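Next come the chains, spelled out residue by residue.
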Amino acid sequence: MIELPELVAGGLAAGTLSALALGGSLLRSRRRQAALRAEVAELRAELEGAEDAFVAEVEHLAARRMPAAAAQLAHPHLRVPGPVRQQTPGTPTGTALEYVLTALREELTAQRTRIDAAAQAGLRGATREIQAALYRLQDALRGLQQLYDDPELAQTLFALDHENEQSLRRAQVAAVVCGAWVGLAREESHVVDAVTGGQARLSGYHRVQVHNHLEPGTALVSHAVEPVAIIVAELLDNALRHSAPDTAVVVNLEHVHHGVCVSVDDAGLGMTQDERARAQRLVAGSDPILLTDLGDPPRMGLAAIGQLTRQFDLSVDVSSPSPYGGVRAVLRVDSHLLARIDPGERPPSASAPRSTRERPARRDPVRERGRHETAGRDTAGFEAAVREAPLRDMPACGTAVPETPVPEIASAESAVPAPAAPAAPARSGPEDEHERVPAPAPAPGREEPDDLGGLPQRRRRATAAAPGTPGVPRPQPAARRPDEAAAALAALQYGTAAARAPKRANTPESHRTDEEEGGAAG
């Protein structure tokens, strides 16, 4: 039988063991709870940090990234900043933020396109009305130019016509940028005429120097004439505006393998790399043009060039600098837009520069012979009248000739033949030191009397009416051509100089009559 003390000792030992086990488990439970509390605190802190980071990213997106993305649509060179934290890209949050920016760009682009289309439609309708009014004004001014011949009034009308042409060009450029047609349909024209036509639409046209190296007859097809004229006018306007007023703008027209090139060189300040890239992008016409991209006020010249190059298959390059320090712009017209015009039947305009490849014009033998005969008759008549008339009053050889004005010679149409005087006997002997100068041959169709005695006579080009028939009307003289008038004036100047010059010792002189001898002696 177990004694009581042993039982008590056994109970106490069991209780102690139980207490120790319970205490250990309690301690482990407390440690586990402490670890859980620490983990919860850590997770709570991490969650709060993630929330703060998300809020910061959203604030950064709204404050900086979205405005930058919107501005990048108008200015592609701008850079959109990235997320605040470098760990965000690639995470679900970063992907979601990029989706927001993409949706913003698409919506803004769509809205800008709709708004710009509405603005272009309104501007296109307004420019159509303005163009019609300016065309009516142009017709009225040209009618007044044909009606009045007062020099001062004509100069004013021409100045108004030129101002109207400049206004018409600006309205036409605005209409082209808005998608309208060029407004004019022309027939096939010489390339040089299209270039000078574009030059004439500018205020500083006198600074433009055009060098035509094209083959004569090189022309443009009808639907390419007006686009080429507009493009050349805008390139020249850009060159004139960005160069000093005392410098020239050089234009060269040359043949190339694929067609014709029109190069424009100015001596301005040039463009930076970014400006040149933007200008090339505009003239290429590959991207749609928005009015909001053209500045305030909008500069539509390069945008109009881009529209025309895309519509009419032309090519413009502004990426290279000019050898004069400015910008070189080159317009290339491909062969399928070129045509051929006979320069003999339809020559270029009188104001167009002549081609350096132009061949000498073929001469018509019949026309040349008639022109030389007419000029020869005029020259012979003037020389005979001016040479023989002073000989009557000139002193003997060796005597000084006084400077007296040459008698005015009557025109060939109004000259009347002098009455025939009795012939004076010719002097013979040693005093006869000079030969007689034979009288010039009479004009065709006219008979000269034989008893003129060597006196100088005026000559006619037309047959004079017979004496005693005063009622016979005189034939109207034919209008002189410029070369005939020039030949007659040269003959008159030659005769005047010969009459004023002193006689030389070996110059033959005609015999003088007895009355002339007596007058000279007196």
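Parameters at a glance
- Residues numbered from 1 in each chain as written.
- Predicted model: local features only at pLDDT ≥ 70, side-chain atom pairs only at ≥ 80, totals over all residues.
- Heavy atoms only, no water.
- Salt bridge = Lys/Arg side-chain N within 4 Å of Asp/Glu carboxyl O.
- Buried < 20%, exposed > 50% of the residue type's maximum accessible area, 1.4 Å probe, protein only.
- Helix = DSSP H or I, 4+ residues; strand = E, 2+ residues; numbered from the N terminus.
- Expected span 1.5 Å × (residues − 1).
- Patch = residues over 30% accessible without salt bridge, like charges linked within 9 Å, V, L, I, M, F, W, Y side chains within 5 Å.
- Areas by Shrake-Rupley, 256 points an atom, 1.4 Å probe, with all protein chains shown as cover.
- Axes fitted to C-alpha atoms, helices over the stretch in contact; angles between N-to-C directions.
- Parallel < 35°, antiparallel > 145°, perpendicular 65-115°, else oblique.
- Left-handed = near helix turned anticlockwise from the far one by under 90°.
- Contact = heavy atoms within 4.5 Å.
- Nonpolar A, V, L, I, M, F, W, Y, C, P; charged D, E, K, R; others polar.
- Pairing = 2+ DSSP bridges.
- Core = buried A, V, L, I, M, F, W, Y, C linked by side-chain atoms within 4.5 Å.

Enquirer: Account for the pattern of salt bridges, with residues named and values stated.
Expert: For the structure on display, the rule yields 12 salt bridges. One salt bridge connects Glu-107 with Arg-114, and the closest N-O pair in it is separated by 4.0 Å. Judged by its relative accessible area of 46%, Arg-114 is partly exposed. The partner of Asp-161 in a salt bridge is Arg-142, and the shortest N-O contact between them spans 3.7 Å. Within this pair, whereas Asp-161 is found in helix α3 (residues 151–177), its partner Arg-142 is found in helix α2 (residues 92–147), the two being separated by 19 residues in sequence. When its relative accessible area of 11% is taken as the criterion, Asp-161 is described as buried. Where salt bridges share partners, they join Arg-169, Glu-234, Asp-237 and Arg-241 into one cluster.

Enquirer: Would you mind going over α2 in detail, with residue names and values included?
Expert: Helix length check: α2, at 56 residues, gives a terminal C-alpha distance of 81 Å against a target of 82 Å (1.5 Å per residue), a fit within 8%. Of all the residues in α2, the buried ones are Gly-94, Leu-97, Leu-101, Leu-104, Asp-116, Gln-120, Thr-127, Gln-131, Leu-134, Gln-138, Leu-141 and Gln-145.

Enquirer: Just give me the short version of a nonpolar patch on the surface, but keep the residues and values in it.
Expert: Taken together, the side chains of Leu-144, Leu-147, Tyr-148 and Leu-153 present a nonpolar region at the surface, about 360 Å² in accessible area. Following the sequence through the fold, Leu-153 ends up in helix α3. Judged by its relative accessible area of 33%, Leu-153 is partly exposed.

Enquirer: Tell me about the packing of α3 against helix α7 (residues 301–312), residues and numbers included.
Expert: Relative to each other, α3 and α7 sit at 55°, their axes nearing to 8 Å. The orientation of α3 with respect to α7, classified from their angle, is oblique. Helix-helix and strand crossings are classified by hand; for α3 and α7 the assignment is left-handed. Where α3 abuts α7, its residues Val-173, Val-176 and Val-177 lie against Gly-301, Ala-303, Ala-304, Gln-307 and Leu-308. A class-by-class count of the residues in the contact of α3 with α7 yields 6 nonpolar, 2 polar and no charged.

Enquirer: Please provide a residue-by-residue account of the pairing of strand β6 (residues 315–321), values included.
Expert: With 5 bridges joining them, β6 and strand β7 (residues 327–334) adopt antiparallel strand pairing. Note that in β7 the partner of Val-316 across the bridge is Leu-331. In this antiparallel pair of consecutive strands, β6 and β7, the connection spans 5 residues, and Gly-325 shows a positive phi of 100°.

Enquirer: Can you explain the sheet that holds strand β4 (residues 249–256)? Please cite residues and give values.
Expert: Reading across from one edge, β2-β4-β5-β7-β6 is the order of the 5 strands in this open sheet, with mixed pairing throughout. Only two strands of the sheet have a single neighbouring strand rather than two, namely β2 (208–212) and β6. Direction aside, the axes of adjacent strands within the sheet are offset by 20° on average. Bridge analysis of β4 against strand β5 (residues 259–265) gives 7 bridges, and the strand direction is antiparallel. What sits directly across from Val-251, in β5, is Val-264.

Enquirer: So what's going on with the sheet that holds strand β3 (residues 218–220)? Residues and values would help.
Expert: Pairing is antiparallel across the open sheet formed by 3 strands, whose spatial order is β1-β3-β8. Looking at the sheet topology across the chains shown, the edges are occupied by β1 (189–190) and β8 (338–340). In this structure, β1 lies alongside β3, joined through 2 bridges in antiparallel fashion. Each bridged residue has a counterpart across the sheet, and for Ser-189 the counterpart in β3 is Leu-220.

Enquirer: Just give me the short version of the nonpolar core, but keep the residues and values in it.
Expert: Of all hydrophobic cores here, the largest spans 53 residues; its most connected members are Val-177, Val-251, Leu-253 and Leu-331. With 10 residues, helix α5 (residues 222–241) is the largest single contributor of residues to this core. The contacts of Leu-331, once residues within four sequence positions are left out, are Val-228, Ile-231, Val-232, Leu-235, Val-260, Cys-261, Val-262, Leu-314, Ser-315 and Val-316. One finds Leu-61, Val-80, Leu-97 and Leu-101 within the second-largest nonpolar core, a separate group that totals 6 residues.

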